[in-house]
Each structure stands twice: as structure tokens, then as C-alpha cells.
Amino acid sequence: MARIKRTTALLAAFAFWSLLAGAVDAHFEVTRRGEPALWVFGSVLASIALIFAWYYADSTVRGYRKPRWLNVLMVCFAVIAVPLYLLKSRPRGARGRALLGCLGYALLVFAVSWIGDYAGHAMG
């Protein structure tokens, strides 16, 4: 049996989390109950943890030394930090491909979240 890489598993976990979070958010919307603060806080914290775990695993595999400022940026502004990390950690010929892969993955996560939202509305 082929062993899945940790970075791939973390990307899959984040996509699944996006599906679940989209469905739960839609459920709160359909039932006309506001999202509990604990859910919002936990949802954001889980997203940050998964993104940072991927960053840590990927940078460890690549032998990239993680500067503190990038660690902080990854937690606070992942939408900026992930592409910046990809530019800094990939060799010259692979940077464009890494950024296109990042964009494709972001679109995939957006679509999966939308599917979760649709499912949450359908289940009411």
C-alpha cells in the first residue's frame, strides 16, 4: 500500500475541514441561529492550525529554515504568507508551478466549501 505524504494528508484534511465548516455555517444560517462564538473561534483556530501544520511539514521536508517573521505571518495572514513561502522555498524553475498549484488548491478549497454550504442548506 502506498504511503501518503504528510503534506498531502494535511492538504486533504484542510479541504475536508473546509467542506465541514461550510456545511456547519450553512446550518446555522438556515436555522436562523447565529453562529456561536465558540464555533467561530474554533473554526478559525482549526484552519490556522492545519495551514501552519502543512507549512511546518513542507518546510521540514525541504530543509527550509523557517524565519520567525514568516511563522507569525503564516498564522496571521496565510493568504499572503503561503505564496511568499512558496516563492522563497522553491528553486527558481519551480516557483511559477508552485504558485499555480497554490492557486488551483485555493480554488479547490473554495469549491469544496461551497459544496459544503450547499449541502448544509439542503439539509436545513
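Cut-offs used in this document
Residues numbered from 1 in each chain as written. Predicted model: local features only at pLDDT ≥ 70, side-chain atom pairs only at ≥ 80, totals over all residues. Heavy atoms only, no water. Helix = DSSP H or I, 4+ residues; strand = E, 2+ residues; numbered from the N terminus. Buried < 20%, exposed > 50% of the residue type's maximum accessible area, 1.4 Å probe, protein only. Areas by Shrake-Rupley, 256 points an atom, 1.4 Å probe, with all protein chains shown as cover. Lys, Arg positive; Asp, Glu negative; His and termini not counted. Charge placed at Lys NZ, Arg CZ, Asp CG, Glu CD. Salt bridge = Lys/Arg side-chain N within 4 Å of Asp/Glu carboxyl O.

**A closer look at the overall build of the protein chain**
Counting secondary structure elements, the protein chain contains 5 helices and 0 strands. Shown N-terminal to C-terminal, the secondary structure of the protein chain runs as helices and strands in the order α-α-α-α-α. In the protein chain, buried positions account for 30% of the 124 residues. Total accessible area on the protein chain is roughly 8,400 Å²; 69% of this is exposed by carbon and sulfur atoms. In the protein chain, the 14 positive side-chain charges and the 5 negative ones have mean positions that sit 21 Å from each other.

**Focus: the pattern of salt bridges**
Pairing between side chains becomes possible if they bear opposite charge and their charged atoms approach one another. Applying the stated criterion across every chain, the model contains 2 salt bridges. Across the pair Asp58 and Arg62 runs a salt bridge, and its minimum N-O distance is 3.3 Å. Placement of the pair is Asp58 and Arg62 together in helix H2 (residues 37-62), with a separation of 4 residues, close to one helical turn. Through salt bridges with shared partners, a single ionic network connects Asp58, Arg62 and Arg90.

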